[in-house]
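# Per-entry structural report
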Amino acid sequence: MGDINTQMNNIMEDMPLTKWLEAELKNPDGKRLIIRKTTVAYAAAELLQKAITIAPLSANKISLDNFVVRTKKWHHRPSSAADILGVDMISEKLSLTIIDPSDLGRSSSRDAEEDAGRNLVVSISSCLPRSSDSGFEQIKESTICHLFGILLYQIYSNLDPFLENKLEGNEPTLLDQGGVKTEKGGLRLTYSTLRELGSPPNICMLVQNFAEGNLPSPRNTYFSLKEGSDDLHLLLRQPNKLLFTSNAPEDGHLRLRLQKNKLYGRDHEVSLISDAFSTVCVGESVALFVGGFSGSGKTSLVESVMASVNASGGYVLAQKFDQLSRGGPLLELISAFDRLCVLIQSRTSPQDLQIIVDRLTETFGVDLSLLRRLLPKVDVLVPPSTKFGQQIPGQDGTRMNLQSVCFILQHFIRAVSSKSHPVMIFLDDLQWSNSMTLKVIQHILGASNCLFVGSYRSNEVSPNHAVFRLMKELEASKQCSVQKLILDGVKCEDLNTLVSDALCLFPRVTRGLSSIIHEKTEGNPFFFLEFLRSLVDRGLLQYSMGLERWEWDEDLIRLEKITNNVLFLLANKMSRMRMEVQMALKVLSSFGNEVNEKIITYLNTTSQFVDILSGVEEAISDGFVSRVGEPLCYVFVHDKVREAAYSLIPDDAKDDFHCMLGEALRSISKGDGLDDNTVITIADQINHNLDALRQSGSSMRLEVASLNHMAALAAMSRSDNDTASAYLSVSLQLLPDDHWQSSYRLSLKLYIATAKVACSSGYMDKSDAALKVIFKEATSLEDKLEAYYLYVNLLHSQERGEEAHMTCQDVLAQLGEKIPEYVTPEESKKIIQETIVIISGLSEEKLLKLKEADENSQTVMRF
């Protein structure tokens, strides 16, 4: 036992606080020194709080001479905060031991120690019983705080506040409250004195707030040791934020230190979503609906759990619906599923990927080509060269309706999801969706291992909106668990944490400012943040270069009038920016919440928008827009930011602005092989001003009609018939009166597409009318064949089989194929047997390798 005590004595050392401070002067190692002194200061505050409960404090007990620091001895390296084992208080015989739970997992590297933060736990033991009587009264709490401020000043400065020179100096010289030599003993510690000695601004403020406790009308003064002890502990826990972060302007710009990806005041809601995902991981499906006002943090809430979903092996499919998008919600949803294919391929091990491929081929078999038609990027999972990946001749003409889309996507999700790899589908802004899109989601939730999260603006949807019908139908069917969540305003204390983080100040100091803003914004997180930013823009929240921290006047801010519309704050800020930035914001907002980088690159090559890229970069720098995704897209950081940018365009000029964008894109992209999304984007812009298009030249009208036909085909390929019908309607309106003579090929394509879309949507009369126009106007049998084939299918769907049969006979006769009017049972039997003999000798592999029939034979076989 004696050997152990001897060993402990060899590594431990008790030093009076004054001696410890003198020793620390020999190790001026910047950040580490500040952390060590703050550790001792925190320990002293804890000891004094304990001492008050034992016996009344006197002034001489709150002094350097009453404390001893227990440290480790090291001779081969500099001291660190972890070397401080505890602090003792002599007069009350109190001993504080420091316990640092973070030491268990701390890196051995001591260079980054000051960055890690220390959430200390202290244990205090006493050798004296609690005193029931004393010879003097307890001094006032304000005086205790004042005296503790003097003690802190000595610790951080190594100066006696009543003396001009260091602790080990010689001649004492009294200073007055302003720091001037005097024979009086008054004191007011100055912020600048400590700052000149290298103490961080928050420590300077903390010391000053303690020391000024005995002054009249003090600001931010501590009224208890508990408050100050909490702040000292906060310094140790968050040194990067409160000790070593510089708030000085960067590149001449003042910016708040906002914490990206940090969610404030939504812990309960995050837990609900996390629990829902855990339920999915055991093999169930869950539908979670998140409602709230714009700016309440719906998107941020859901995005905060996406990282954990990815980390646990899940796949996240996210799609934000857009009021300005004319491509249609269903088309956007199918595009999101298409992207999911690439995500699965990039994040799945070869072994798990093979399991998914096997499931897909087993589920779809020879119908895998139908999945490929809906989701072209499924090729990255099942290449076309595989057995079931090959296109079956003639199958590309198979019509898809909403029921087909639901069936295909449901079985796709069932094949790619599992307990180890569940799928999370997040659809944002459901108020812009429609019944068709949500019907698809309803079918998908019949698959297992799927978490659906849908957010919507609760104040912008009527009770009969499709989202509420979806909720009721899911609850009635009991095919999955249904949960509902409404986000209200965030509590003031949580938003005060946001302000504290943004200003790098103690929460105690920012509480008054946060309370005022919270009252004005009703706790709406986005509105709160934008109002805070507006205070900076208007100079009501200023950074003091002298004090090196943010300053404000609460009375002036309280008098500020605030609009209920956050758009006013944002638009007002945007209107003061450079014209190039304003133009960039107008352009980006005209495409909706996000736009492909390729579109902006196209525009940058035109004379009207030659500076748009530089404007976009500045918009990104100012925090309005971010660059995300693959392929790269420019995305507004919030819906309200996009709305504010869009409001910069006068209402009566919006259609012309859209049309100008579309025309610029159309002219610059001529001859390029445009993908479907780019075609739809250009068509959406030009179509904003149909009246102007109708008045344009015939050449322009025909080019736009052709563009809309391409957009319609893109929508048809994803079975979004409503959107396709809208594009075709525009095309037909732009055709000249003599279009069958002057634009024959385009007219034929448009009427065929119109008939297909109408038939797939169930509008048989409209389809029939379009087909009869083709039969009348088409100049050759070859041009009528596709229409005839569609007409036969139309007749069959209406149970008009005899008419369908007669039509086929008529078409085959025109093709030169003689069909006997009557075939006897014996003849039929003989034909069937001969065919069986031919086929039975062929394996499935040989069948697939048979030479493809010529075009004429394929046409004949269709009828």
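The preceding data block contains the structure.
Positions within a chain are numbered from 1, following the residues in the order the chain's sequence is written. It should be noted that, the model being predicted, local features are given only for residues of pLDDT at least 70 and side-chain atom pairs only at 80 or more, the latter also being counted only at that level, while totals for whole chains, interfaces and linings use all residues. No hydrogens and no water enter the side-chain calculation; it runs on all heavy atoms of the structure.

Attention now moves to the overall build of the protein chain. Strands are runs of DSSP state E lasting at least 2 residues, helices are runs of H or I lasting at least 4, and numbering of each runs from the N terminus. Counting its secondary structure elements, the protein chain contains 39 helices and 15 strands. Between buried and exposed lies partly exposed: a residue is buried under 20% and exposed over 50% of the maximum accessible area for its type, with that area taken using a 1.4 Å probe on protein chains only. Across the 863 residues of the protein chain, 48% fall into the buried class. Here, two residues are considered to be in contact whenever any of their heavy atoms come within 4.5 Å of each other. Restricting to contacts in the protein chain with at least 6 residues of sequence separation, those with at least 24 account for 70%. Accessible areas in this description were obtained via Shrake-Rupley with a 1.4 Å probe; residue shielding takes into account the shown protein chains only. Of the accessible surface of the protein chain, which amounts to about 41,300 Å², a share of 52% is contributed by carbon and sulfur atoms.

On to the pattern of salt bridges, then. Working definition: two side chains of opposite charge can pair if their charged atoms are close together. Counted as salt bridges are all cases of a side-chain nitrogen of Lys or Arg within 4 Å of a carboxyl oxygen of Asp or Glu. Under the definition given, this model contains 38 salt bridges. We note a salt bridge from R718 to D338, for which the minimum N-O separation is 3.5 Å. Here R718, found in the loop between α30 (698-717) and α31 (721-734), pairs with D338, found in helix α12 (residues 329-347); they are 380 residues apart in sequence, far enough to count as distant. Taken as a pair, R718 and D338 share a single burial class, namely buried. Of the charged contacts, one joins R457 and E643 as a salt bridge, the two residues approaching to 3.1 Å between their closest N and O atoms. Note that R457 is positioned in strand β9 (residues 450-457) and E643 in helix α26 (residues 639-646), a separation of 186 residues in sequence. Neither R457 nor E643 differs from the other in exposure class; each is buried.

Moving on to the packing of helix α7 (residues 201-211) against helix α8 (residues 225-237). The angle between two axes is taken between their N-to-C directions and runs from 0 to 180 degrees, where each axis is a line fitted to C-alpha atoms and a helix contributes only its stretch in contact. Across the interface, α7 lies against α8 with an axial gap of 11 Å and an inter-helix angle of 170 degrees. Classed by the angle they form, the pair α7 and α8 counts as roughly antiparallel. Contact residues: N202, I203, L206 and F210 in α7; L225, G228, D231, L232 and L235 in α8. Here the nonpolar group is Ala, Val, Leu, Ile, Met, Phe, Trp, Tyr, Cys and Pro; Asp, Glu, Lys and Arg are the charged ones; every other residue, Gly included, is treated as polar. Considering only residue class, the contact of α7 with α8 consists of 6 nonpolar, 2 polar and 1 charged. Just so you know how the angles are binned, under 35 degrees is roughly parallel, over 145 roughly antiparallel, 65 to 115 roughly perpendicular, and the rest oblique.

Take I599: it is sitting in helix α24 (residues 597-604). Of the residues examined, I599 reaches a relative accessible area of 2% and is grouped as buried. Counting along the chain gives 70 residues from I599 to S669, while the straight-line C-alpha distance between them is 9.6 Å. Beyond its immediate stretch of four places on either side in the chain, I599 contacts F591, L665, T678 and T681.

On to the sheet that holds strand β2 (residues 67-72). Strand order across the open sheet formed by 5 strands is β1-β2-β3-β4-β5, with antiparallel pairing between neighbours. Each end of this open sheet is capped by a strand with a single partner; those strands are β1 (12-16) and β5 (121-126). Recorded for the sheet is a direction-independent mean angle of 20 degrees between the axes of neighbouring strands. For β2 and strand β3 (residues 84-89), the ladder comprises 5 bridges, and the chain directions are antiparallel. Bridge pairing in β3 links V69 to V87. Strand pairing is assigned whenever DSSP detects at least two bridges linking the two strands.

It is worth spelling out the sheet that holds β9 at this point. Read from one edge of the open sheet, 5 strands run β7-β8-β9-β6-β10, paired in parallel fashion. What marks the edges here is a single partner per strand, and that holds for β7 (315-320) and β10 (481-487). Here the average twist between neighbouring strands, direction ignored, is 15 degrees. Alignment of strand β8 (residues 423-428) against β9, held across 5 bridges, turns out to be parallel. Paired with M424 across the strands is L451, a residue of β9.

Tracing the sequence through the fold places D768 in helix α34 (residues 764-777). When residues no more than four places from it in sequence are discounted, the contact partners of D768 are Y791 and L794.

Lining residues are those with an atom within 4 Å of a point, where the points come from a 1 Å grid over the protein atoms alone and group into cavities, where a 1.4 Å probe fits but cannot get out, or pockets, open sets with protein on both sides within 12 Å along at least five of seven lines. Grid points are joined across faces, edges and corners, and a volume is the space filled by probe spheres set on the points. Within the structure shown, the criterion is met by 1 cavity of 30 Å³ or more. Quantified by volume, the largest cavity comes out at close to 60 Å³. For the largest cavity, the full set of lining residues is F321, D322, Q323, D429, W432, R457, N593, D639, R642 and E643. For the lining of the largest cavity, the leading source of residues is α26, giving 3 residues. Within the lining of the largest cavity, the residues separate by chemical class into 2 nonpolar, 2 polar and 6 charged.

Here we come to the packing of aromatic side chains. Only Phe, Tyr and Trp rings are paired, with Trp represented by its six-membered ring, and only when their centres lie within 6.5 Å; those with planes under 30 degrees apart are stacked, over 60 edge-to-face, the remainder tilted. Scanning the entire structure with this criterion turns up 9 aromatic pairs. Residues Y543 and W550 carry aromatic rings whose centres are separated by 5.7 Å and whose planes lie at 75 degrees to one another, so their mutual orientation is edge-to-face. In this structure, Y543 and W550 share a single accessibility class: buried. Arranged with centres 6.0 Å apart and planes meeting at 65 degrees, the rings of W740 and Y744 form a pair that is edge-to-face. Since its relative accessible area comes to 9%, W740 is described here as buried. When the ring centre of Y646 is taken as reference, the NZ or CZ atom of K654 above it lies at 4.7 Å. Distance and angle both matter: a charge sits over a ring if NZ of Lys or CZ of Arg is within 6 Å of the ring centre and within 35 degrees of the ring normal.

Right, let's get into the nonpolar core. Grouping buried Ala, Val, Leu, Ile, Met, Phe, Trp, Tyr and Cys residues that are joined through side-chain atoms within 4.5 Å yields what is termed a nonpolar core. L17, F148, L513, L532, L541, L585 and L603 are the most contacted members of the largest nonpolar core, which totals 148 residues. Among the elements that take part in this core, helix α3 (residues 31-54) stands out by supplying 12 residues, more than any other. Setting aside anything within four residues of it in sequence, one finds L585 in contact with M574, M577, A619, F624, V625, F636, A645 and L648. Grouped together as the second largest cluster of nonpolar side chains are 55 residues, L333, L340, L371 and L470 included.

A few words now on the pairing of strand β15 (residues 633-636). Of the two faces of β15, the one holding C633 and V635 and the one holding Y634 and F636 are both buried throughout. With 3 bridges connecting them, strand β13 (residues 594-596) and β15 associate as antiparallel partners. Bridged to E594 within β15 is V635. Across 4 bridges, the pairing between strand β14 (residues 625-628) and β15 is antiparallel. Each bridged residue has a counterpart across the sheet, and for S626 the counterpart in β15 is V635. Hairpin connection of β14 to β15: 4 residues between the antiparallel strands, including G629 at a positive phi of 80 degrees.

Moving on: the pairing of β3. Looking along a regular strand, one sees side chains alternate from face to face of the sheet. With respect to burial, β3 is a largely interior element, 5 of its 6 residues being buried. In this sheet, strand β4 (residues 94-99) lies alongside β3 in antiparallel orientation, the contact comprising 4 bridges. Counterpart to V87 in the pairing with β4 is L96. Hairpin geometry of β3 and β4 is characterised by an intervening segment of 4 residues between the two adjacent antiparallel strands and by a positive phi of about 50 degrees at K93.

This part covers unusual backbone geometry. The residue D429 is not glycine, and still its phi comes out positive at about 60 degrees. The residue D429 is located in the loop between β8 and α16 (435-444) in this model. On the accessibility criterion, D429 (2% relative accessible area) is buried. The backbone phi angle of K478 is positive, close to 55 degrees, even though this residue is not glycine. Relative to the helices and strands, K478 resides in the loop between α17 (466-477) and β10.

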